[in-house]
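One-letter residues, chain by chain:
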Amino acid sequence: ATLPAPKMMRIMVPRNSENISLPNDEFAVAKGADTVQINPMEVQVYKGINLTLIEKFSAFGSSFRGGLRVAVGDIDADGVSDYVVGSGPGANQMIRGFKGTVSTWSSDKAFPTVLFETTSGLGADGDNMALAVGDVSGDGMVDIAVASGCGASIPRVRVLDGANPTKVLVDFEVPMATRSGIASIGVADMNSDSYGDVVVSFCNSSAFQGFSGKSIVDSRKANEVNQQVPTSILSATADSTSSVPVDLALGDFNHDGSFDLIAGFQAGSTGGAKAVRVFSGAAMGALLIQLPMMPAIPTGLSMASVDLNADGYWDAVAGAMNGSNAHQVEIHDGYGALTWGPGVWGKILSPFSGFTGGIRL
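Keep in mind that this is a model prediction, so the values were computed, not measured. (Residues numbered from 1 in each chain as written. Predicted model: local features only at pLDDT ≥ 70, side-chain atom pairs only at ≥ 80, totals over all residues. Heavy atoms only, no water.)

## Points about the overall build of the chain
So, step 1. Check the secondary structure of the chain and you find two helices and 24 strands.
So, step 2. Looking at the chain residue by residue over its 361 residues, the buried ones come to 61%.
So, step 3. When the accessible area of the chain is evaluated, it comes to approximately 12100 Å², of which 51% is carbon and sulfur surface. (Helix = DSSP H or I, 4+ residues; strand = E, 2+ residues; numbered from the N terminus. Buried < 20%, exposed > 50% of the residue type's maximum accessible area, 1.4 Å probe, protein only. Areas by Shrake-Rupley, 256 points an atom, 1.4 Å probe, with all protein chains shown as cover.)

As structure tokens, then:
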């Protein structure tokens, strides 16, 4: 972790937006437990600098107890952000799209309209899938990107057509034989060619790699979705001394017109004061700034990037993935970090007070 119409879209991480001039002031928070929980699994959506709650729902029903993955993007091209939710452990890799809203949530608000329902198609490797949305095909429609999660035997990416999510645009294996599974995935036009590029991080290192969306389209063969590996446009490591994976978000953190990569370590014991690092998109992976671990979140991080105050500097949103504060979300102002230096965190949000299963952004 957002708005578009044709050729304009917001993706999130994540979670992030393809047209960076558009405001991206909305993010979704989901109960992302990787083990079966007692509590019903829920999604909440917040908007703007006042963190207005605009949506709250159980994507797979009140009886579902597995984890969730969530992304935000304008699936039906009506100018309002929609919500794509995937099931984590505890279900058969379901993916549902829900129509977005602009009104404040209330207890009598109707359940959001289901736009589509499909599966990841990742097989046994998709039980802990990663999820993102973005215009990979360059046709102005938001597509759905899924990847095999940690523990998978093969690091694999599938992109589903946003116009018809049952249609597979691409299915490829990431050529990283020594890395088992993909920890997170994002989509954004990193090289300004009007195609959404696919960026993934890996499960047994802090490395991340980006693949050209245009090469994905160009490599397609008639009636074939299993193709050659797309062209790599980015390869970097958040910390060469660490084997802890990072959760990625994409956004224009420094307001230079290019998407940057915001990486939060998925375990609190590694990274310490450097638990969030921002890498320049314009410089294709050069370290831009280091942000301290948020004081209320001593555990691993799930990341999103949004411009909550519409100042053109995208903000870093971090959620606790586990531990005693596993319901906590903290937001770091992008402009403030670059102007006054890292260390001052802004708003704090507790969407699921008391929940200890961890959250995903």
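## Side note on the pattern of salt bridges
So, step 1. Here the structure, examined in full by the defined rule, presents eight salt bridges.
So, step 2. Salt-bridge contacts for glutamate 26 lead to lysine 47; the nearest nitrogen and oxygen are separated by 3.5 Å. Of the two residues, glutamate 26 sits in strand β1 (residues 26-31) while lysine 47 sits in strand β2 (residues 43-47), which places them 21 residues apart along the sequence.
So, step 3. Judged by its relative accessible area of 2%, glutamate 26 falls in the buried class.
So, step 4. Using a relative accessible area of 25% as the deciding quantity, one classes lysine 47 as partly exposed. (Salt bridge = Lys/Arg side-chain N within 4 Å of Asp/Glu carboxyl O.)

## So, the confidence of the model for the chain
So, step 1. Confidence along the chain averages 79 in pLDDT terms, with 79% of residues attaining 70 or more.
So, step 2. Every residue in residues 1-23 scores below 50 in pLDDT, and together they form 121 contacts with partners more than four places removed in sequence or on other chains.
So, step 3. Low confidence marks residues 269-273, where pLDDT is under 50. Its contacts with residues over four positions away, or in another chain, come to eight contacts. (pLDDT = per-residue confidence, 0-100. Contact = heavy atoms within 4.5 Å.)

## Topic: the pairing of strand β16 (residues 246-251)
So, step 1. Taken across its six residues, β16 has six buried, putting it largely inside the fold.
So, step 2. Residues Val246, Leu248 and Leu250 of β16 are buried on one face, and the alternating residues Asp247, Ala249 and Gly251, pointing to the opposite face, are buried as well.
So, step 3. As judged from the six bridges shared by β16 and strand β17 (residues 260-265), these two strands associate in the antiparallel manner. Looking across to β17, one finds that valine 246 is bridged to phenylalanine 265. (Pairing = 2+ DSSP bridges.)

## Focus on the nonpolar core
So, step 1. Ranked by size, the top nonpolar core spans 33 residues in total, and within it Phe27, Val29, Val43, Leu68, Val85 and Val317 carry the most contacts.
So, step 2. Elements supplying a minimum of two residues to this core: β1, β2, β3 (52-57), β4 (68-73), β5 (82-87), β6 (94-98), β20 (301-306) and β22 (329-332).
So, step 3. Of all the elements, β1 adds the most residues to this core, at four residues.
So, step 4. When neighbours within four sequence positions are excluded, valine 85 is seen to be in contact with Val43, Phe57, Ala59, Phe60, Leu68, Arg69, Val70, Met94, Ile95, Arg96, Phe98 and Leu131.
So, step 5. In this structure, Ile182, Ile185, Val187 and Val200 belong to the second largest nonpolar core, which totals 20 residues. (Core = buried A, V, L, I, M, F, W, Y, C linked by side-chain atoms within 4.5 Å.)

## Notes on the side chain of glutamate 42
So, step 1. Mapped onto the elements of the fold, glutamate 42 is located in the loop between β1 and β2.
So, step 2. Among buried Asp, Glu, Lys and Arg side chains, glutamate 42 stands out as unpaired, with lysine 56 the closest opposite charge at 4.5 Å.
So, step 3. One polar contact links glutamate 42 to glutamine 44, side chain to side chain, over a distance of 2.9 Å.
So, step 4. When neighbours within four sequence positions are excluded, glutamate 42 is seen to be in contact with Val29, Ala30, Lys31, Lys56, Phe57, Ser58, Leu68 and Phe352. (Lys, Arg positive; Asp, Glu negative; His and termini not counted. Polar contact = N/O pair within 3.5 Å; in protein donor to acceptor, adjacent residues only side chain to side chain.)

## Quick word on the sheet that holds strand β7 (residues 114-119)
Whenever strands of a sheet pair, they do so through backbone hydrogen bonds, lying parallel or antiparallel.
So, step 1. Strands sit in the order β4-β5-β6-β7 across an open sheet of four strands; the sheet is antiparallel. Each having just a single partner strand, β4 and β7 make up the two edges of the open sheet. Adjacent strand axes in the sheet meet at a mean angle of 15°, parallel and antiparallel pairs treated alike.
So, step 2. For β4 and β5, the ladder comprises six bridges, and the chain directions are antiparallel. Along β5, the bridge assignment pairs valine 72 with tyrosine 83. (Axes fitted to C-alpha atoms, helices over the stretch in contact; angles between N-to-C directions.)

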